[in-house]
Amino acid sequence: MMRVSRDRYLQRLIDRKHNGLVKIVTGVRRCGKSYLLFNLFREHLRDSGVDDDHIIAIALDSEENKRLRDSEKLLDTIVSNIRDKSMHYILLDEIQMTPGFVSVLNSLMHRDNTDIYVTGSNSKFLSSDIVTEFRGRGDEINIRPLSFSEFLSVYEGDKYDALSEYMDYGGLPELLKMKTDEQKASYLESIMETTYLLDIIERNRISNPYVMESLVDVLSSTASSLVNPRKIKDTMQTSGYNSADEETISRYLGFLKDAFLFEKAARYDIKGRKYIGALAKYYPVDHGIANARTEFRQTMDRPQIMENIIYNELRSRGYAVDIGVVRFSRSTDGKLASVSTEVDFIARKGSSTTYIQSAYKIEDVDKRNQELIPLRKINDSFRKVVITSDNMKPNFDDSGILFIGLMQFLCDEHGLDTI
């Protein structure tokens, strides 16, 4: 497979070397965790002067390593390969496949000459166990499918053709090997059915898989809509899907989040400075997977796909992302009425906050004003941005709101940090 330099994630691993914590690389299956750890990071170690015999790398999802899914055998194998008192780098892929892995990692952490890195595909199974057992001694690095800039770095052709293809099929790395649209569509449909859904159903012992499949269908087609378990239940019933009660739907939503397949973006009252209500948005970690689940009917809905891409790009850059709610009063027929409107994203990183509107097309002044209402009603000094599909140089309007094209936003890694 062609080489993709996943620099943002590699740097996060490098920054955490020798910090005394277990580095936990998490993310949806097939997003490139193994490649990051076993190829890019191991290459970095070698370039830094680390000998191969001081890098102990074990892929636990490999059939040849099946016996090492026994925790005692895994620990014995690792310890027997620690040759001297120099630092040894322990790289363990899909650690959750070894029951009792926590005791293995705890034992290794007691050694002064081990630096430990593990991958896993289930946040509940990994993170909750490690947080409980290690009490602050685990450090999570979440990796996602390819961002557009990573995809573009190996794409052979025009960048606008690249964006069109990316909007259709998303950023799972395996797609880079495939030449035809038929291959890509078939792969995405298959991986959702035979890997993601099957894994969730088996792991959580779901007795009625059709409800889970129906839930994924609904979420895939409503990624930019506010939903809660009750609304999802109503949609499933009226659309002819296999339905379930709200408690089951809520539980299944948790399974999808634990598998890193969907992420929840909660609503935040900007003026009241608090989270509000049960309504939220659930974004697929990769829009190509969602497109495949809807048999690519959603590819015509470019505004929804663009919003999903922006959300995932912000998350991959390390932002925490919420949906903003702006409340204000407006005079209607001589009476004051309370009105609320939505800001697509509140992106936070450290002390930095940016409000972002995703506007696929701004055809006229009325559309422009409509998109600006929520931003203009925010009375603080944080940055305000409108991202549009149009190709444009970044420019500010008279009120200090930045307008930027989607291509420019996606290709400028630190664009929001330098406004």
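The paragraphs below set out a description of the structure included in this document.

Calculation rules
- Residues numbered from 1 in each chain as written.
- Predicted model: local features only at pLDDT ≥ 70, side-chain atom pairs only at ≥ 80, totals over all residues.
- Heavy atoms only, no water.
- Helix = DSSP H or I, 4+ residues; strand = E, 2+ residues; numbered from the N terminus.
- Rg over C-alpha atoms; globule rule 2.2 N^0.38 Å.
- Buried < 20%, exposed > 50% of the residue type's maximum accessible area, 1.4 Å probe, protein only.
- 1 Å grid on protein atoms, 1.4 Å probe; cavity = no way out; pocket = protein on both sides within 12 Å on 5 of 7 lines; lining within 4 Å.
- Points joined across faces, edges and corners; volume = space filled by probe spheres on them.
- Nonpolar A, V, L, I, M, F, W, Y, C, P; charged D, E, K, R; others polar.
- Pairing = 2+ DSSP bridges.
- Axes fitted to C-alpha atoms, helices over the stretch in contact; angles between N-to-C directions.
- Contact = heavy atoms within 4.5 Å.
- Phe/Tyr/Trp six-rings, centres within 6.5 Å; stacked < 30°, edge-to-face > 60°.
- Lys NZ or Arg CZ within 6 Å of the ring centre and 35° of its normal.
- Parallel < 35°, antiparallel > 145°, perpendicular 65-115°, else oblique.
- Core = buried A, V, L, I, M, F, W, Y, C linked by side-chain atoms within 4.5 Å.

It is worth spelling out the overall build of the protein at this point. In terms of regular secondary structure, the protein is built from 15 helices and 13 strands. For the protein, whose C-alpha radius of gyration is 23 Å, the value lies close to the compact-globule estimate of 22 Å for 419 residues. Across its three principal axes, the protein shows a C-alpha extent of roughly 80 × 50 × 45 Å. The buried share of the protein, taken over its 419 residues, is 53%.

This part is about the layout of surface pockets. Put simply, the largest pocket is a space of about 420 Å³. Along the wall of the largest pocket there are 20 residues; nearest its centre are Arg-30, Gly-32, Lys-33, Ser-34 and Tyr-35. Looking at the lining of the largest pocket element by element, the count peaks at five residues for helix α2 (residues 33–47). Of the residues assigned to the lining of the largest pocket, the class counts are eight nonpolar, three polar and nine charged.

All right, on to the sheet that holds strand β2 (residues 55–59) then. On the basis of which strands lie adjacent, the open sheet formed by five strands has the order β2-β3-β4-β1-β5 and parallel pairing. Where the open sheet ends on each side, the last strands, each with one partner, are β2 and β5 (138–142). Ignoring which end each strand starts from, the neighbouring axes of this sheet average 15 degrees apart. The pairing of β2 with strand β3 (residues 88–93) spans five bridges and is classified as parallel. Residue Ile-56 lies in a different strand from β3, and its bridge partner there is Ile-90. Contacts from α2 reach β1 (22–26), β2, β3 and β4 (114–120) within the one sheet, and its direction differs from that of β3 by about 165 degrees. Across the face of the sheet, helix α4 (residues 101–109) comes into contact with β1, β3 and β4 while running at roughly 160 degrees to β4.

Further remarks concern the packing of aromatic side chains. Evaluated as defined, the whole model comprises 12 aromatic pairs. Aromatic side chains Phe-148 and Tyr-166 sit 5.5 Å apart centroid to centroid with 65 degrees between the ring planes, which places their arrangement in the edge-to-face category. Here the residue Phe-148 occupies a position in helix α6 (residues 148–152), and Tyr-166 occupies one in helix α7 (residues 159–169), the gap between them amounting to 18 residues. Exposure remark for Tyr-166: the relative accessible area of 6% places this residue in the buried category. Between Phe-151 and Tyr-155, the aromatic rings sit 5.6 Å apart at their centres with planes inclined by 35 degrees, giving tilted as the arrangement. The class of Phe-151 is buried, set by a relative accessible area of 5%. Tyr-155 gets classed as partly exposed once you look at its relative accessible area, which sits at 23%. By the ring-pair criterion, three or more aromatic residues cluster together here, those being Phe-148, Phe-151, Tyr-155 and Tyr-166. The cationic tip of Lys-349 hangs over the ring face of Tyr-319; the distance from NZ or CZ to the ring centre is 4.4 Å. A cation over an aromatic ring shows up here: Arg-368 above the ring of Phe-403, its NZ or CZ 4.1 Å from the ring centre.

Before going further, it helps to spend a moment on empty space enclosed by the protein. Applying the stated rule across the entire model yields three cavities of 30 Å³ or more. By volume, the largest cavity is sized at about 110 Å³. Forming the boundary of the largest cavity are 13 residues, of which Pro-145, Leu-146, Ser-147, Tyr-166 and Asn-312 lie nearest the centre. Tallied by class, the residues present in the lining of the largest cavity amount to six nonpolar, four polar and three charged.

Let us now look at the packing of helix α9 (residues 209–221) against helix α10 (residues 229–238). Relative to each other, α9 and α10 sit at 100 degrees, their axes nearing to 10 Å. Taken as axis vectors, α9 and α10 run roughly perpendicular relative to one another. Here Val-211, Ser-214, Leu-215, Val-218 and Leu-219 of α9 come into contact with α10, specifically with Ile-232, Thr-235 and Met-236. Class assignment for the residues of the contact of α9 with α10 results in six nonpolar, two polar and no charged.

Time to look at the nonpolar core. In terms of nonpolar packing, the biggest core is built from 60 residues, with Leu-188, Met-212, Leu-215, Ile-232, Leu-256 and Leu-261 touching the most fellow members. With nine residues, helix α8 (residues 181–203) is the single largest residue contributor to this core. Residue contacts for Leu-188: discarding those within four places in its chain leaves Tyr-169, Leu-172, Leu-175, Gly-288, Ile-289, Ala-292 and Phe-296. Tyr-166, Tyr-283, Val-321 and Leu-406 belong to the second-largest nonpolar core, a separate cluster that totals 33 residues.

Once that is clear, we can look at α7. Residues of α7 that are buried: Ala-162, Leu-163, Tyr-166, Met-167, Asp-168 and Tyr-169. As for α7, its buried residues are in contact with α6, α8, α12 (287–293), α13 (302–316) and α15 (406–411). Gly-170 occupies a position one or two residues after α7 and carries a positive phi of about 80 degrees.

So, on to the pairing of strand β6 (residues 262–269). Most of β6 sits inside the fold, with six of its eight residues counted as buried. Where β6 and strand β7 (residues 274–284) come together, seven bridges link them in antiparallel fashion. Directly across from Glu-263, in β7, lies its bridge partner Tyr-283.

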